[in-house]
Amino acid sequence: MAPGPAGRTPVFERRTTAAGGGGAGGGGGAAEKVVALTFDADMTADQGPRAASGERFDNPELVALLRRLKVPSTVFMTGRWAEEYPAQAKAIGADPLFEVANHSYSHHAFSSPCYGLPVVGKNAMTRDVERAFTAFRKAGVQNVVPYFRFPGGCYDDTALRALAPANVTAVQWDVVSGDAFATDADAVARQVLDGVRPGSLVVMHCTRSAAPATEAAVRRIVPELRERGYRFVKVSELMEGGS
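Note that the coordinates shown come from a computational prediction; the quantities given were computed from them, not determined experimentally.

A.B. asks: Mind showing me how you'd approach the overall build of the protein here?
C.D. replies: Check the secondary structure of the protein and you find nine helices and nine strands. Compactness check: the protein gives a C-alpha radius of gyration of 17 Å against a globular reference of 18 Å for 243 residues, within 12% of the reference. When its C-alpha atoms are laid out on the principal axes, the protein stretches across 55 × 45 × 35 Å. Sorting the 243 residues of the protein into buried and exposed places 51% on the buried side. Counting only contacts in the protein whose residues sit at least 6 apart along the sequence, the fraction spanning at least 24 positions is 78%. For the protein, the exposed surface amounts to about 10,400 Å²; the carbon and sulfur share of it is 52%. In the protein, 27 side chains carry a positive charge and 26 a negative one; their mean positions are 3 Å apart.

Next up, the structure:
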């Protein structure tokens, strides 16, 4: 996407263009029933000791399920996660079903308050994003796209201006799955199924310790949305038709 006003980082939330084109002379048309499931692979810069003691910030069973169900997905990965799980990061990036986007290196907040996260200074924001891309390269991650998700989804005008040199598009969402720290998979599935509209972008998580119900929720979400006529796409495809 082109930079926003005054060079700010552009922000994408969902596709709003109708199928068949909605511009001048396009004739409009019904909105295409596409939806993007996105998964945040969260790990903060200071969680190494917790990982070393056995806490799992990955979710290989979820990734395997997405493969079995053939669900194209975008994984927003922190640089720290790629360092902790380099083999998994490389395998996700090598699979054409997935694309890997940037979720910062540290998973610290880019504006405050933001769920109690430590805050990245304005002058360090671009460096933090670039450090994550460097971690992806070191892990051999392919299919990396120039998208960025703010930790916690928290941002302000200062952050959008500070990140402009990184040449990324910030990707938010219009459907909150509620899977973070949830234990009721059916409740997560209902929240997604109730919220999805044509062109929706759903935020979920790929971390067992922080989102233990996600895999079970996806088992219900995917077939039900397909039964409704939805097609799953990556963010890159969703963005191609967005306005």
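A.B. asks: When you look at the state of the cysteines in this model, what are you seeing that I'm missing?
C.D. replies: Covalent bonding between the sulfur atoms of two cysteines is what defines a disulfide. This structure, assessed with the given rule, holds one disulfide. Residue pairing for C114: its cysteine sulfur links by disulfide to C154, the two sulfurs lying 2.1 Å apart. Measuring handedness by torsion sign, the sulfur bridge of C114 and C154 sits at about 85° and is right-handed. Linking C114 in the loop between β4 (98–102) and α5 (125–139) with C154 in the loop between β5 (144–148) and α6 (157–162), this pair joins segments that are 40 residues apart in sequence. In this structure C114 comes out as buried when scored by relative accessible area, which is 3%. Free of any disulfide, C206 has its nearest neighbouring cysteine sulfur in C114, separated by 20 Å.

A.B. asks: How should I be thinking about the packing of aromatic side chains in this particular structure?
C.D. replies: We describe a pair of aromatic rings using the distance from one ring centre to the other and the angle between the two ring planes. Considering all chains together, one arrives at six aromatic pairs under this definition. Taken together, a centroid distance of 5.1 Å and an interplanar angle of 55° make the contact between W81 and Y85 tilted. Assigned by exposure class, W81 and Y85 land together as buried. Grouped by ring-pair contacts, the aromatic residues F110, F148, F150 and Y155 constitute a single cluster. In this structure, R131 packs its charged tip against the face of Y105, placed 3.8 Å from the ring centre. Here the basic side chain of R149 rests over the ring of F76, its NZ or CZ set 4.0 Å away from the ring centre.

A.B. asks: Would you take a moment to explain the pattern of salt bridges for this structure?
C.D. replies: Opposite charge on two side chains permits them to pair, given that their charged atoms come into close proximity. By the definition in use, this model includes 17 salt bridges. A salt bridge links E215 to R219, with the shortest nitrogen-to-oxygen separation between them at 2.7 Å. Here E215 pairs with R219, and both are found in helix α8 (residues 214–227), just four residues apart, close to one helical turn. Connected via shared salt-bridge partners are R15, E32, R231 and E237.

A.B. asks: Which parts of the structure should I look at to understand helix α7 (residues 185–195)?
C.D. replies: Along an α-helix, residues three or four apart share an orientation, since each turn contains 3.6 residues. Every buried residue of α7 is accounted for by A185, V188, A189, V192 and L193. Angular distribution of buried residues about the axis of α7 spans 125°; they occupy a single face of the element. The elements touched by buried residues of α7 are β7 (175–176), β8 (200–205) and α8.

A.B. asks: Hey, could you run me through unusual backbone geometry in this one?
C.D. replies: Among all residues except glycine, the phi angle is most often negative; among peptide bonds, the trans geometry is most common. Residues S112 and P113 are joined by a peptide bond in cis, for which omega reads 5°. With respect to the helices and strands, the residue P113 is situated in the loop between β4 and α5. In this structure, S104 is a non-glycine residue whose phi angle is positive, near 85°. Topologically, S104 is positioned in the loop between β4 and α5. A residue is classified by how much of its surface remains accessible, and S104, at 0% relative accessible area, is buried. The phi torsion at F181 lies on the positive side, around 65°, for a residue other than glycine. The class of F181 is exposed, set by a relative accessible area of 68%.

Cut-offs used in this document
Residues numbered from 1 in each chain as written. Predicted model: local features only at pLDDT ≥ 70, side-chain atom pairs only at ≥ 80, totals over all residues. Heavy atoms only, no water. Helix = DSSP H or I, 4+ residues; strand = E, 2+ residues; numbered from the N terminus. Rg over C-alpha atoms; globule rule 2.2 N^0.38 Å. Buried < 20%, exposed > 50% of the residue type's maximum accessible area, 1.4 Å probe, protein only. Contact = heavy atoms within 4.5 Å. Areas by Shrake-Rupley, 256 points an atom, 1.4 Å probe, with all protein chains shown as cover. Lys, Arg positive; Asp, Glu negative; His and termini not counted. Charge placed at Lys NZ, Arg CZ, Asp CG, Glu CD. Disulfide = S-S within 2.5 Å. Phe/Tyr/Trp six-rings, centres within 6.5 Å; stacked < 30°, edge-to-face > 60°. Lys NZ or Arg CZ within 6 Å of the ring centre and 35° of its normal. Salt bridge = Lys/Arg side-chain N within 4 Å of Asp/Glu carboxyl O. Arc of directions from axis to C-beta.

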